[in-house]
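Observations on the three-dimensional arrangement
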Amino acid sequence: MELKDLIRDVPDFPKEGIIFKDITTLLLDPDGLKRAADELCNFAKNKNITKVAGIESRGFILGGILAEKLNAGFIPIRKPGKLPSKTISESYSLEYGTDSIEIHEDAIKPGDRVLLHDDLLATGGTMEAACNLIEKLGGKVVQISFLIELTFLNGRKKIENYDVRSIIQYGSE
Ligand code: AMP
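Before going into details, it helps to say that this report is about the structure given with it. Owing to the predicted nature of the structure, the values given are computational and were not obtained by experimental measurement.

In terms of burial, strand 9 (residues 164–170) is a largely internal element, five of the seven residues being buried. Of the strand pairs in this sheet, strand 8 (residues 140–150) and strand 9 are connected by six bridges, and their pairing is parallel. Following the sheet pairing, Glu149 is matched in strand 9 by Gln169.

Following this line, the structure appears as structure tokens:
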């Protein structure tokens, strides 16, 4: 089965008009999970990645697997108020209003080469903010990977100066 066939569309979640790309059906499938992890890992091999940063919450799953496969450490990037120690935060705009994400300020060491991972690229605002967090702490963003890219939303424009990879693309809704 194609990896794309393992993604479930859930209309009107979390609100009306949004077609939610549900990756839990892919995660349930042992072969699908392994193939997705292997493909993402192939993008990042031989790049001397020292840390993988995953974005809450679906970015934690394959991000954690990738970190282990690449012999790198794992950094959680989380919604406000979730990380227990000292954090820095970065805001980004949504359709209505703003949101922010946080990282522990001691998560990056000098010379760290970071792979940023999330499940899905939509408008790119979340990932742009995540890049800013890593760079504020002195890390180098070596690659950004997603399981899914909604190419019709042009999220790549916001992160065009980076090596951006995705496994599954959707050109329309
Ligand atoms: P964006 O900042 O617009 O690129 O949004 C990306 C974030 O929102 C990711 O963490 C995704 O998990 C989530 N997201 C946005 N749109 C969808 C969608 N249609 N289905 C599932 N997750 C989505």
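Around the ligand, a shell composed of Ile19, Phe20, Lys21, Arg58, Asp118, Asp119, Leu120, Ala122, Thr123, Gly124, Gly125 and Thr126 is seen. Residue Arg58 places a side-chain N or O atom 2.7 Å away from an oxygen atom belonging to the ligand. Gly125 has a polar backbone atom sitting 3.4 Å from an oxygen atom of the ligand. Compared with its free state, where it exposes 490 Å², the ligand has 81% of that area covered by protein. The set of elements that each furnish at least two residues to the shell around the ligand consists of strand 2 (19–22), strand 7 (113–121) and helix 4 (125–136). A class-by-class count of the residues in the shell around the ligand yields four nonpolar, four polar and four charged.

Cut-offs used in this document
- Residues numbered from 1 in each chain as written.
- Predicted model: local features only at pLDDT ≥ 70, side-chain atom pairs only at ≥ 80, totals over all residues.
- Heavy atoms only, no water.
- Buried < 20%, exposed > 50% of the residue type's maximum accessible area, 1.4 Å probe, protein only.
- Helix = DSSP H or I, 4+ residues; strand = E, 2+ residues; numbered from the N terminus.
- Pairing = 2+ DSSP bridges.
- Near = heavy atom within 4 Å.
- Polar contact = N/O pair within 3.5 Å; in protein donor to acceptor, adjacent residues only side chain to side chain.
- Areas by Shrake-Rupley, 256 points an atom, 1.4 Å probe, with all protein chains shown as cover.
- Nonpolar A, V, L, I, M, F, W, Y, C, P; charged D, E, K, R; others polar.

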